[in-house]
Amino acid sequence: MGNFVYALIILALIIIFTAVNSVIICNICDDITALIEENCVEVACGVWEDNRKYISLFVRDTEIDLVDTAIRQINTQNPDGKNFFKEAVNEVRRSESVDWDCIF
């Protein structure tokens, strides 16, 4: 019976930490999206660079690479770079939403 209780405690901790991490990453993505909509793209890129290492610990590399590619497009003055950056950040946010796939 003791092992079952320990297993439930560990499961609860995993769910709690996953949910908290998801909220943190989603808030960062929301901040970046808000900055992009306010035409503060350079500031949004700075926020991404400041939080990239933390986000890359939990998000798949394909989503991280999409955002990095979008930033490179912005730096080359591509007119679609801003929209691509916004979509890439939204993809990171969607991949970190709290659901069973994220927990397990």
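In the block above lies the structure referred to throughout.
Asker: Explain the overall build of the protein here, please?
Answerer: When you go through the protein residue by residue, the secondary structure sums to five helices and zero strands. Along its sequence from the N terminus, the protein presents helices and strands in the succession α-α-α-α-α. In terms of C-alpha radius of gyration, the protein reaches 17 Å, well past the compact-globule figure of 13 Å for 104 residues. Dimensions of the protein along its principal axes, counting C-alpha atoms only, are 60 × 25 × 20 Å. Counting the 104 residues in the protein, one finds 31% classified as buried. Intrachain contacts of the protein at a sequence separation of at least 6 include 60% that bridge at least 24 residues.

Asker: What is the right way to read helix H3 (residues 61-75) from this model?
Answerer: Structurally, the α-helix is built with 3.6 residues per turn, so residues lying three or four positions apart point the same way. Across its 15 residues, H3 extends 21 Å between first and last C-alpha, which sits within 8% of the 21 Å expected from 1.5 Å per residue. Every buried residue belonging to H3 is among Glu63, Ile64, Val67, Asp68, Ala70, Ile71 and Ile74, and all of these are buried. Seen end-on, H3 carries its buried residues on one side only, within an arc spanning 155 degrees. Summarising the geometry of H3, the exposed residues directed more than 90 degrees from the buried face are Asp61, Thr62 and Arg72.

Asker: I keep staring at the nonpolar core and nothing clicks. Help me out?
Answerer: One broad rule of soluble globular proteins: the nonpolar side chains tend to lie buried together. In terms of nonpolar packing, the biggest core is built from 21 residues, with Ile32, Trp48, Ile55, Val67, Phe85 and Val92 touching the most fellow members. Secondary structure elements with two or more residues in this core: helix H1 (2-37), helix H2 (41-56), H3 and helix H4 (81-95). Counting residues per element, this core draws most heavily on H1, at six residues. If sequence neighbours within four positions are ignored, Phe85 has contacts with Ile32, Ile36, Ala44, Cys45, Trp48, Val67, Ala70, Ile71 and Ile74.

Asker: Sorry if this is basic, but what is going on with the state of the cysteines here?
Answerer: Scanning all chains against the criterion turns up zero disulfides. With no disulfide of its own, Cys26 has Cys29 as its nearest cysteine by sulfur position, at a separation of 6.4 Å. When its relative accessible area of 9% is taken as the criterion, Cys26 is described as buried. Not engaged in a disulfide, the cysteine Cys40 finds its nearest cysteine sulfur in Cys45; these two sulfurs lie 11 Å apart.

Asker: I keep staring at unusual backbone geometry and nothing clicks. Help me out?
Answerer: The bulk of non-glycine residues show a negative phi, and the bulk of peptide bonds are trans. In the Ramachandran plot, Asn39 falls in the positive-phi region, its phi being about 60 degrees despite a non-glycine side chain. For Asn39, a relative accessible area of 54% translates into the label exposed.

Rules and cut-offs
Residues numbered from 1 in each chain as written. Predicted model: local features only at pLDDT ≥ 70, side-chain atom pairs only at ≥ 80, totals over all residues. Heavy atoms only, no water. Helix = DSSP H or I, 4+ residues; strand = E, 2+ residues; numbered from the N terminus. Rg over C-alpha atoms; globule rule 2.2 N^0.38 Å. Buried < 20%, exposed > 50% of the residue type's maximum accessible area, 1.4 Å probe, protein only. Contact = heavy atoms within 4.5 Å. Expected span 1.5 Å × (residues − 1). Arc of directions from axis to C-beta. Core = buried A, V, L, I, M, F, W, Y, C linked by side-chain atoms within 4.5 Å. Disulfide = S-S within 2.5 Å.

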